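# Structural features, examined
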Amino acid sequence: MKLFVSEGNPHCLKVLAAVEVTGVHCEAQYVSHEEKVVPFLSRPALPALLLPNGQHLFSSNAICRYMFEVSGVESTELCNQWLEWEATDLQPALLQALHMTVLQGKGSEVSKVIQGPLNYLVQSLSKINTPYLTGEAVSVADVVLWAALYPILLDSGRFDVGDLWFDRVNGMHACQTAAQKVLQGKGHECMKSYMQRQPAPQISQCRDMQPSNSTPAEADEGERLVSEEEIEAAALTWNKGLSPQATERKHPILPQEGKRNILLTSALPYVNNVPHLGNIIGCVLSADVFSRYGRLRGWNLLFVCGTDEYGTATENKAREEGLTPQQICDKYHAVHSSIYKWFQIDFDFFGRTTTEKQTEIAQDIFWRLHKNDFLVEDTVEQLCCENCKRFLADRFVEGICPHCSYPEARGDQCDKCGRLINAVELKARQVMELIPVVILLHNSLFPFGLESQLEQWLDKSTSGGDWTPNAKQITRSWLRDGLKPRCITRDLHWGTPVPHPDFKEKVFYVWFDAPIGYLSITANYTDKWEKWWKNPQQVELYNFMAKDNVPFHSVVFPCSLLGAQDNYTLVNHLVATEYLNYEDTKFSKSRGVGVFGDMAKDTGIPSDVWRFYLLYVRPEGQDSAFSWADMAMKNNSELLNNLGNFINRAGMFVMKFFEGCVPVMDLQHEDKRLLALVGWELQQYIQLMDKVKIRDALKHILNISRHGNQYIQVNEPWKKIKGGDTERQRAGTVTGVSVNIACLLSVMLLPYMPTVSQTIRDQLNAPQSCINTMLQGTGTFVCALSAGHRVGTVSPLFQKLEADQIEALKKKFGGQQKTAQNAASAQPVTVPVPAAAEVTTVNGVDSEKAKQLTQAVAEQGDKVRALKAQKAEKAVITAEVAKLLDLKKQLAVAEGKSPEPAPQKSKKK
């Protein structure tokens, strides 16, 4: 690795400190401030890190995080929150303060600029009892915040920044070494040359707020300075003309020699659950955006998905609805298909796992594992209902995690620590309507002996591919504890049968069987499926999912394919989101809380607006929340007033002032400068989308329309059109440039809002070839609508979401959830019970009391979830969890069940 830095650049202090603290071997090369070391950027970008694979990092915080990850220290969620706060809140204030101190000699006045963020830092430090920001050891957050603050504390007097913490980090030899390298002992004088080359920061009210769901990409930026070289390059690109029109997709899509061949999968949704908004953004919608983008880039891409249909849960659902398992699968497969069609998910093929191909391929992999001695015969304990003699679906058993004591762990996996669990290992097990007992199952099969192969492959895949940080972290936590054999068979009827004669009554367990669905679905799409799935030399595999699915895709499924030894294509890029919550609680179909896929279209809000908002709040770095109020605000401000306003004005000027034809454009320096600004935003968009930073890339689309609105507002073409020839010519140029920017925006929007994108192009009568031109290379903003081009009929793209409409929708989908204020209350739950109910025997059934307790359990569950979302004190949460478990125990008694978990609950502290 090679690190490019420059003396006096305060951002370089961060990365050099990170190198010194982590001890990562990295060659540092000092260059001038004007040196352009990143080949695809037309502006200087320092610091910059050249990676072994030839790629560059040029965000100081990203470089610091990378250094710590290379040294084996992953960024925690709290750490990432601090980094985001530093980038979005602290850094803008510090840059303004440095500008005042270094260039204006106003060091005594900087307190009014930085006091807000410093107040928040001091308050946060007062609440923690660890020596560093995130724990007992120094983290990347400590290094970044220290390095950000250090330059302003040199000669500006001492601010209260939590002296103990700052002194502790500042006293590290590594930090002092980095400071000496960057500032050369000259203090602010050393920074003057760098600061003189930076744009003057905008004077703004610095926000005094906590780390939040916002990302660094959402921070407001001052007007970017562009060089004369960039301006001339943009003008040359503008005149290049459109590329030939790309050929349309033809099925079946197969890998092609000399092309980038991408196989893209979205986690298979379980068939009998109607997906909610969190499911949709976590899997199919994120994958759809990237697949559409990939096609715009000219990649040869196949996008497959389907419903996961086997398992105990399907049998239970079928019994509940009086249908056969196949009928249940048919019914809900159609529900899923309908929902995804409305959300405009553009699969190449949407299949299912209940097919002959699934049986054929799964059994082949089984026999290969068996032949290669990667399976062992053993016994396993499993929960069974004593009344109806049915085995229980692990996922529907809840209890206390045996590893981290999380009280709402499921029987297959703990959502908090991410570890797989056998349901019998849960403490204080709870399962609705069934009485679980433990029985031994003999002759079950376990895979083993694949750990070394897996680790070798993971090292290669995670270092060379785009794995999200949470995917890496979850996977490493699994490997850290060592892999344990896990049963791959189950005793039920609805599943892929195990072909071995000694196990003819068994089927494959869903965690082994379901991922093979990717292969069988592709095989049902084309009989040449092996060209995708047994072709790692030519094919790149992207997996999209929420974080709870990571272990099955990074450990379990790869082990099956590695053990099969059949040249299978393994995942290169594993893209996992965090969780999307609903307002201040979780989605719950049974309680009517949250918007589910089959309800969204009934709101009257177009699917493109749903797509936009879900992608705007996509939980890329941490959990985020859907909010009706925020959705309305983003629709009305970003879509209606920003994006829609610009595109509509540009088109209307052509219709109203130039009889529907794009006017002649005589580009002046101001126009070329705008082209350069737009071109830079386009480059950032491509760079982020290539790395699957979908949420961050969206910001650059909105930035371009902001540039366009400002351009129109400054030039006032509606006034100039009434003037003389020179002013009319100017109005024509501004209108022509604006309508071409609108055309570019239509292409950039296509992955996010496909219907709106097509509507814009229809209104502008844009040539189809603009789609495959704009996103080529690092970005190609050409004049797609030349002088004389006739536009179509222009009309508004978006409608305002009114407050009363939003309030009604919020109420409709709020279910029985309590307000945050009530949920935060620590008052005990009281359940009114008739006197008669109090004398009911344990084995009796009191329907009235059971009904009241069921409601109390739901309300107490809401309270616990709200407290967790608000990050309340641990003691408060623990007390409320204990009340919840006690209510569940009372409910079991009221329903005539044995309160078996009660002794374990009483031990909870």
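Residues numbered from 1 in each chain as written. Predicted model: local features only at pLDDT ≥ 70, side-chain atom pairs only at ≥ 80, totals over all residues. Heavy atoms only, no water.

## What to know about the sheet that holds strand 1 (residues 2-5)
Strand order in the open sheet formed by four strands is 2-1-3-4, and the pairing between neighbours is mixed. Each end of this open sheet is capped by a strand with a single partner; those strands are strand 2 (27-30) and strand 4 (56-57). For strand 1 and strand 2, the ladder comprises four bridges, and the chain directions are parallel. Across the sheet, residue Val5 finds its bridge partner in strand 2, namely Tyr30. Its contacts with the sheet put helix 2 (residues 60-70) on strand 1, strand 3 (48-50) and strand 4, and the angle it makes with strand 3 is roughly 45°. (Pairing = 2+ DSSP bridges. Helix = DSSP H or I, 4+ residues; strand = E, 2+ residues; numbered from the N terminus. Contact = heavy atoms within 4.5 Å. Axes fitted to C-alpha atoms, helices over the stretch in contact; angles between N-to-C directions.)

## A few points about the side chain of Asn470
One can find Asn470 in helix 15 (residues 469-480). Side-chain polar atoms of Asn470 contact the backbone oxygen of Ala576, separated by 3.2 Å. Look past the residues within four positions of Asn470 in its chain and what remains in contact with it is Lys547, Ala576, Thr577 and Glu578. (Polar contact = N/O pair within 3.5 Å; in protein donor to acceptor, adjacent residues only side chain to side chain.)

## Some thoughts on the pattern of salt bridges
Per the counting criterion, the structure on display carries 33 salt bridges. Between Asp566 and Lys534 there is a salt bridge, and its shortest N-O distance comes to 2.4 Å. Remark: Lys534 occurs in the loop between helix 18 (530-533) and strand 15 (539-546) and Asp566 occurs in the loop between helix 19 (550-564) and strand 16 (573-577); sequence separation between them is 32 residues. With a closest N to O distance of 2.7 Å, Lys547 and Glu578 form a salt bridge. Placement of Lys547 in the loop between strand 15 and helix 19 and of Glu578 in the loop between strand 16 and strand 17 (580-582) is noted, with a sequence separation of 31 residues between them. Its relative accessible area of 16% is what places Lys547 among the buried residues. In this structure, a network of salt bridges that share partners links the residues Asp364, Arg368, Glu530, Lys534 and Asp566. (Salt bridge = Lys/Arg side-chain N within 4 Å of Asp/Glu carboxyl O. Buried < 20%, exposed > 50% of the residue type's maximum accessible area, 1.4 Å probe, protein only.)

## Topic: the packing of aromatic side chains
All chains considered together, the criterion is met by 36 aromatic pairs. Their ring planes at 85° and their centres at 5.5 Å tell us that Trp82 and Trp85 sit as a pair that is edge-to-face. In this pair, Trp82 and Trp85 both sit in helix 3 (residues 77-103), three residues apart, roughly one turn of the helix. Like Trp82, the residue Trp85 is buried in the burial classification. Feature note: the residues Tyr582, Phe587, Phe596, Trp610, Tyr613, Phe626, Trp628 and Phe813 constitute an aromatic cluster, connected by ring pairs. The ring of Trp299 has Arg260 lying over it, and the distance from NZ or CZ to the ring centre is 4.3 Å. (Phe/Tyr/Trp six-rings, centres within 6.5 Å; stacked < 30°, edge-to-face > 60°. Lys NZ or Arg CZ within 6 Å of the ring centre and 35° of its normal.)

## Digging into the confidence of the model for the chain
For the chain, per-residue confidence averages 84 on the pLDDT scale, and 85% of positions sit at 70 or higher. The low-confidence segment residues 432-442 (pLDDT under 50) makes 43 contacts with residues lying over four places distant or belonging to another chain. Below pLDDT 50 for its whole length, residues 816-843 participates in 52 contacts with residues either more than four positions away or in separate chains. (pLDDT = per-residue confidence, 0-100.)

## Re the layout of surface pockets
Estimated volume of the second largest pocket: approximately 890 Å³. Elements that contribute at least two residues to the lining of the second largest pocket include exactly helix 10 (277-296), strand 6 (300-307) and helix 27 (754-764). Taken together, the residues of the lining of the second largest pocket break down into ten nonpolar, eight polar and eight charged. Looking at which domains feed residues into the lining of the second largest pocket, each of domain 2 (261-377 + 444-577) and domain 3 (637-790) supplies at least three. (1 Å grid on protein atoms, 1.4 Å probe; cavity = no way out; pocket = protein on both sides within 12 Å on 5 of 7 lines; lining within 4 Å. Points joined across faces, edges and corners; volume = space filled by probe spheres on them. Nonpolar A, V, L, I, M, F, W, Y, C, P; charged D, E, K, R; others polar. Domains from an automatic or database assignment.)

## Description of the pairing of strand 1
Two strands pair when backbone bridges link them, and strand 1 and strand 3 are joined in this way by three bridges, in the antiparallel orientation. Note on strand 3: the bridge partner recorded for Phe4 is Ala48. Read from strand 1 through helix 1 (residues 10-22) to strand 2, the crossover connection turns out right-handed. (Right-handed = clockwise from strand over helix to strand, strands pointing away.)

## Points about the sheet that holds strand 6
Ordered by their spatial adjacency, five strands build an open sheet running 7-6-5-15-16, and the pairing between neighbours is parallel. Edge positions in the sheet fall to strand 7 (349-352) and strand 16, since each of these pairs with one other strand and no more. When strand polarity is set aside, the average angle formed by the axes of neighbouring strands in this sheet is 20°. Looking at chain direction, strand 15 and strand 16 are connected through five bridges and run parallel.

## Side note on the packing of helix 26 (residues 725-749) against helix 27
For the pair helix 26 and helix 27, interaxial distance at closest approach is 8 Å and the crossing angle is 150°. In terms of orientation, helix 26 and helix 27 fall into the roughly antiparallel class. In the packing of helix 26 onto helix 27, the handedness of the crossing is left-handed. For the pair helix 26 and helix 27, contact is made by Val739, Ala742, Cys743, Ser746 and Leu749 and by Pro754, Val756, Ser757, Ile760, Arg761 and Leu764, respectively. Along the lines of polarity and charge, the residues of the contact of helix 26 with helix 27 split into eight nonpolar, two polar and one charged. (Parallel < 35°, antiparallel > 145°, perpendicular 65-115°, else oblique. Left-handed = near helix turned anticlockwise from the far one by under 90°.)

## Notes on the packing of helix 15 against helix 19
Following both chains from N to C, one finds helix 15 and helix 19 inclined at 50°, their axes separated by 9 Å at the closest point. Taken together, the axes of helix 15 and helix 19 lie oblique to each other. Where helix 15 crosses over helix 19, the handedness of that crossing is right-handed. Listed contacts from helix 19 to Ala471, Ile474, Thr475 and Trp478 of helix 15 are Val550, Pro551, Ser554, Val555 and Val556. Taken together, the residues of the contact of helix 15 with helix 19 sort by class into seven nonpolar, two polar and no charged.

## Re the nonpolar core
Counting 181 residues, the largest nonpolar core has Ile365, Trp610, Trp628, Tyr685 and Tyr752 as the members making the most contacts within it. Sorting elements by how many residues they give to this core places helix 26 first, with twelve residues. Structurally, this core is a two-domain feature, drawing no fewer than three residues from each of domain 2 (261-377 + 444-577) and domain 3 (637-790). Filtering out sequence-adjacent residues up to four positions away, Trp628 remains in contact with Tyr582, Glu583, Val595, Thr603, Ile605, Trp610, Ile806, Leu809, Lys810 and Phe813. Listed in part, the 61 residues of the second largest apolar core include Trp82, Leu90, Leu98 and Val169. (Core = buried A, V, L, I, M, F, W, Y, C linked by side-chain atoms within 4.5 Å.)

## A word on the environment of Gly294
Looking at the element boundaries, Gly294 is found in helix 10. For Gly294, a relative accessible area of 0% corresponds to the buried category. Ignoring anything within four residues of it in the chain, the contact list for Gly294 reads Trp299 and Leu301.

## Looking at the environment of Asn715
Its place among the elements puts Asn715 in helix 24 (residues 694-715). In this structure Asn715 comes out as buried when scored by relative accessible area, which is 4%. Between the alpha carbons of Asn715 and Thr735 there is a distance of 9.8 Å; along the sequence they are 20 residues apart. Each residue touching Asn715, except ones within four places of it in the same chain, is listed here: Glu670, Lys720, Arg730 and Val734. Separated by 2.9 Å, the side chains of Asn715 and Glu670 make a polar contact.

## Considering empty space enclosed by the protein
With the rule as written, the count across this model stands at five cavities of 30 Å³ or more. By volume, the second largest cavity is sized at about 60 Å³. Taken together, Pro10, His11, Lys14, Gln91, Leu94, Leu98, Ala147, Ala148 and Pro151 make up the full set of residues lining the second largest cavity. Among the elements of the structure, helix 1, helix 3 and helix 5 (140-153) are those that each provide at least two residues to the lining of the second largest cavity. Counted by class, the lining of the second largest cavity contains six nonpolar, two polar and one charged residues.

## A closer look at the environment of Trp146
Considering the arrangement of structural elements, one finds Trp146 in helix 5. The class for Trp146 is buried, based on a relative accessible area of 0%. Apart from the residues within four sequence positions on either side, Trp146 is in contact with Leu13, Ala17, Trp165, Phe166, Val169, Asn170, Cys175 and Ala179.

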